[in-house]
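# Descriptive structure summary
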Amino acid sequence: MEKPEIIMAPGPTPVPPQVYLAQGSPLVYHRGPGYGAVLREVTDNLKTILRTSNDLLIFASSGTGGLESAVANLFSPGDRVVVPVAGYFGERFAKIARAFHLDVRVIDYEWGQAVRAGDVSTALDEAPAKAVLMQQSETSTGVIHDVEAVGEVTRDRGVLLVADVVSSLGAVPLDSDGWGVDVAVGGSQKAFSATPGLAFVSVSDAAWAASKTATNPRFYFDWAAYKASYELKSPENPFTPAISLMLGLQVALRLHMEEGPPEVLSRHRILSEATKEGVRALGLDLFGEHPERAWAVTAVRAPEGVDGDELVAKVRADHRIILAPGQGPLKGKVFRIGHLGYYDMFDIIRCLAALELTLEEMGYPVKRGAAVAAAEGVFASR
Ligand SMILES: *Cc1c(COP(=O)(O)O)cnc(C)c1O
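Residues numbered from 1 in each chain as written. Predicted model: local features only at pLDDT ≥ 70, side-chain atom pairs only at ≥ 80, totals over all residues. Heavy atoms only, no water.

All residues in the neighbourhood of the ligand are listed as Ser62, Gly63, Thr64, Phe89, Arg92, Ser137, Thr139, Asp164, Val166, Ser167, Gln189 and Lys190. Residue threonine 139 places a side-chain N or O atom 2.4 Å away from an oxygen atom belonging to the ligand. Notes on the ligand: free accessible area 380 Å², of which the protein chains cover 87%. Elements with a contribution of two residues or more to the shell around the ligand: helix 3 (63–74) and helix 4 (88–99). (Near = heavy atom within 4 Å. Polar contact = N/O pair within 3.5 Å; in protein donor to acceptor, adjacent residues only side chain to side chain. Areas by Shrake-Rupley, 256 points an atom, 1.4 Å probe, with all protein chains shown as cover. Helix = DSSP H or I, 4+ residues; strand = E, 2+ residues; numbered from the N terminus.)

So, on to the packing of aromatic side chains. In the structure shown here, the tally under the stated rule is 10 aromatic pairs. Centroid distance phenylalanine 59 to tyrosine 226: 4.6 Å. Interplanar angle 85°. Geometry classified as edge-to-face. Of this pair, phenylalanine 59 sits in strand 2 (residues 55–60) while tyrosine 226 is found in helix 9 (residues 223–230), placing the two residues 167 residues apart along the sequence. Of the two residues, phenylalanine 59 and tyrosine 226, both sit in the buried class. (Phe/Tyr/Trp six-rings, centres within 6.5 Å; stacked < 30°, edge-to-face > 60°. Buried < 20%, exposed > 50% of the residue type's maximum accessible area, 1.4 Å probe, protein only.)

Next up on the list: the pattern of salt bridges. The tally for this structure, following the rule as stated, stands at 19 salt bridges. Lysine 130 serves as the salt-bridge partner of aspartate 79, at 3.2 Å between the closest nitrogen and oxygen. A residue pair is termed long-range when its members are at least 10 positions apart, and aspartate 79 in the loop between helix 3 and strand 3 (80–85) and lysine 130 in the loop between helix 5 (117–126) and strand 5 (131–135) qualify at 51 residues. Residues arginine 116 and glutamate 289 are paired through a salt bridge, measuring 3.5 Å at the closest nitrogen-oxygen approach. In this pair, arginine 116 is assigned in the loop between strand 4 (103–108) and helix 5 and glutamate 289 in the loop between helix 11 (261–281) and strand 11 (297–301), connecting sequence segments 173 residues apart. By sharing partners, the salt bridges in this structure join Asp55, Lys227 and Glu231 into a single network. (Salt bridge = Lys/Arg side-chain N within 4 Å of Asp/Glu carboxyl O.)

Bringing the packing of helix 12 (residues 308–319) against helix 13 (residues 345–361) into the picture now. One can describe the packing of helix 12 onto helix 13 by two numbers: an axis separation of 10 Å at closest approach and a directional angle of 115°. In the packing of helix 12 onto helix 13, the handedness of the crossing is right-handed. Of the residues in helix 13, those in contact with Leu311, Lys314, Val315, Asp318 and His319 of helix 12 are Ala354, Leu355, Leu357, Thr358, Leu359 and Glu361. (Axes fitted to C-alpha atoms, helices over the stretch in contact; angles between N-to-C directions. Left-handed = near helix turned anticlockwise from the far one by under 90°. Contact = heavy atoms within 4.5 Å.)

In terms of domain boundaries, the chain breaks down into domain 1 (17–258) and domain 2 (261–381). Averaged C-alpha coordinates put domain 1 and domain 2 at centres separated by 28 Å. Taken together, the 26 residues of domain 1 in the interface contact 22 residues of domain 2. Summed over both sides, the interface of domain 1 with domain 2 buries roughly 2,000 Å², with 64% coming from carbon and sulfur. Among the residues of domain 1 in contact with domain 2, Trp111, Ile144 and Ala171 are the three that bury the most area, contributing 24% of the side total. Counting every contact that joins domain 1 to domain 2 gives 1 salt bridge. At the boundary of domain 1 and domain 2, one finds 6 residue pairs in polar contact (both at pLDDT 80 or more). Listed by contribution, the elements that provide at least two residues to the side of domain 1 that touches domain 2 are strand 7 (143–144) and helix 10 (243–259). Along the lines of polarity and charge, the residues of the side of domain 1 that touches domain 2 split into 11 nonpolar, 12 polar and 3 charged. (Domains from an automatic or database assignment. Buried area = accessible area lost by both parts, 1.4 Å probe. Nonpolar A, V, L, I, M, F, W, Y, C, P; charged D, E, K, R; others polar.)

A separate point is a negative patch on the surface. A contiguous patch of negative charge on the surface is contributed by Asp146, Glu148, Glu152 and Asp156. Relative to the assigned elements, glutamate 148 resides in helix 6 (residues 147–157). Classification of glutamate 148 by relative accessible area gives partly exposed; the value is 37%. (Patch = residues over 30% accessible without salt bridge, like charges linked within 9 Å, V, L, I, M, F, W, Y side chains within 5 Å. Lys, Arg positive; Asp, Glu negative; His and termini not counted. Charge placed at Lys NZ, Arg CZ, Asp CG, Glu CD.)

Before going further, it helps to examine the environment of leucine 249. By the element assignment, leucine 249 lies in helix 10. Of the residues examined, leucine 249 reaches a relative accessible area of 0% and is grouped as buried.

As structure tokens, this is what we get:
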């Protein structure tokens, strides 16, 4: 008998049965009060979790569509933006900005480093820019960038701050309004444990003002169209929404609110700590700066003599657990464990046990049970 695979990669993440059931229920017609109530509830819950009173717009697209919408709505060709790049998703944001002919000033980091607010400040001193585009969680390295510190720099200068929070929202603390985030971009398939296919953006007053004069082309992702439809007596989408996905996200967010946003965050902190203690107990090294705040993803250096890609493939083939390999320059050198979303302590213990068995088979000396015991130690002390 084969049990289903469990995904422990940073997205998409496991989906609770209640969410699947909701997605399988009859369509709620998208013009009228039924869908209006769904859209309003989802919007309100997302705003609560983002800690924002700004507008929030939802699109049928993957997270990248939300990022593209920010570039399309905020800027005109030739506008200068500062983009710190410390991994794969930093590169993606820079590529989107270039595709729209922005003047992109990249701040280059080695993968695994955290963005420093001082570097952003220096880049803005060199030449003024309209915005800073960054990630909160650089999923390719697991590193959490300090959006709050960058927000102090941008707010002082009246520069827009656009934060990709796709893989951090719901796993790591975020205070959008308190930190001066003008645009936060999220997605359905990471810490919310809904299925892929929905992106959302929050839009501050300053971001709306910028969008009024921005000349970049946009149609499907035209923020103004989504705002106008949302403000109808019964909120709507300008185009046919992904109704079934919205029914799923509605339930996923209800589960989130029932557990309580602070409780969800502390669950992620504990799962992250247990994972990291387990990995360390095997004598492996964590990858990336500030692992103590990497509550979404644990990145691990593959030990001497073990290829990270082979390890990931073998864990999947032998134990039906999907880990994530290293990307770009980290290919083969790093592997990643996602623990954002619908996970509890036994998911972590199962994953660590699989890691022990697999490493042993690959010739790496393992003290059986060491990782599991270390993780249990973290859980027991909570
Ligand atoms: C997953 C992710 C995205 C979105 O990717 P899609 O495949 O387009 O959903 C964007 N940014 C980060 C940091 C991510 O982890």
